[in-house]
Amino acid sequence: DRIEGWKSNVFPVSSGRGSASIMKGYQEKVTAIQKAIKEAVREYARQKVYNKPRRVTGEVLLLEIPRIIIDAGSYNAFVKVKLKKVDLLPYSGY
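Since the structure is predicted, the reported quantities are computational estimates derived from the model, not experimental observations. (Residues numbered from 1 in each chain as written. Predicted model: local features only at pLDDT ≥ 70, side-chain atom pairs only at ≥ 80, totals over all residues. Heavy atoms only, no water.)

### Describing unusual backbone geometry
- One non-glycine residue, Ala72, lies in the positive phi region at around 50 degrees.
- Among the structural elements, Ala72 can be located in the loop between β3 (67-71) and β4 (74-89).
- For Lys85, which is not glycine, the phi torsion reads 55 degrees and is therefore positive.
- With respect to the secondary-structure elements, Lys85 resides in strand β4.
- The exposed category is assigned to Lys85, whose relative accessible area is 56%. (Helix = DSSP H or I, 4+ residues; strand = E, 2+ residues; numbered from the N terminus. Buried < 20%, exposed > 50% of the residue type's maximum accessible area, 1.4 Å probe, protein only.)

Printed below as a string of C-alpha cells:
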C-alpha cells in the first residue's frame, strides 16, 4: 500500500505558504496551494544546499488539508508536506 510507505519517519517534513489574487477567481485557490507546496520544497532545499539548486525533483505528500484564508485581496494557503526521493541538481561550475 502506497500510503503505508509514507508513514515512515525517514522522510523529511516541511511547510510552506503561497498566495494568489482573489480577483482572478476561485481557481486561484489551487494556484495558492501549488505555490505553497513549491515554497515548502524550497524551504527543505535551503537546509541542504547553500546556493539555489538548478532543479529539484521528488515526490510530495500533503500531511493535512491545506488551510486557505482570504486576506488583503488574496488567497493565502498554508501546507504541511512530507518529501520523498528529493534530488537536488546544482548548477555546473564555471
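The rest of the description comes next.
### Notes on the layout of surface pockets
- The volume enclosed by the largest pocket comes to roughly 310 Å³.
- Contributing to the lining of the largest pocket are 14 residues, with Arg42, Ala45, Lys52, Pro53 and Val56 lying nearest its centre.
- The set of elements that each furnish at least two residues to the lining of the largest pocket consists of α2 (28-48) and β2 (55-62).
- Grouping the constituent residues of the lining of the largest pocket by class yields seven nonpolar, one polar and six charged. (1 Å grid on protein atoms, 1.4 Å probe; cavity = no way out; pocket = protein on both sides within 12 Å on 5 of 7 lines; lining within 4 Å. Points joined across faces, edges and corners; volume = space filled by probe spheres on them. Nonpolar A, V, L, I, M, F, W, Y, C, P; charged D, E, K, R; others polar.)

### What about a nonpolar patch on the surface?
- A contiguous nonpolar surface patch, about 210 Å² in accessible area, is contributed by Val13, Leu61 and Leu63.
- Its place among the elements puts Val13 in strand β1 (residues 13-21). (Patch = residues over 30% accessible without salt bridge, like charges linked within 9 Å, V, L, I, M, F, W, Y side chains within 5 Å. Areas by Shrake-Rupley, 256 points an atom, 1.4 Å probe, with all protein chains shown as cover. Salt bridge = Lys/Arg side-chain N within 4 Å of Asp/Glu carboxyl O.)

### Re the nonpolar core
- Listed in full, the 12 residues of the largest apolar core are Ala20, Ala32, Ile33, Ala36, Ala40, Val41, Tyr44, Tyr75, Ala77, Val79, Val81 and Leu83.
- For this core, the secondary-structure elements that each account for two or more residues are α2 and β4.
- Among the elements that line this core, the one with the most residues is α2, at six residues.
- In this structure, Ala36 is in contact with Gly16, Arg17, Gly18, Ala77 and Val79, ignoring residues within four places of it in sequence. (Core = buried A, V, L, I, M, F, W, Y, C linked by side-chain atoms within 4.5 Å. Contact = heavy atoms within 4.5 Å.)

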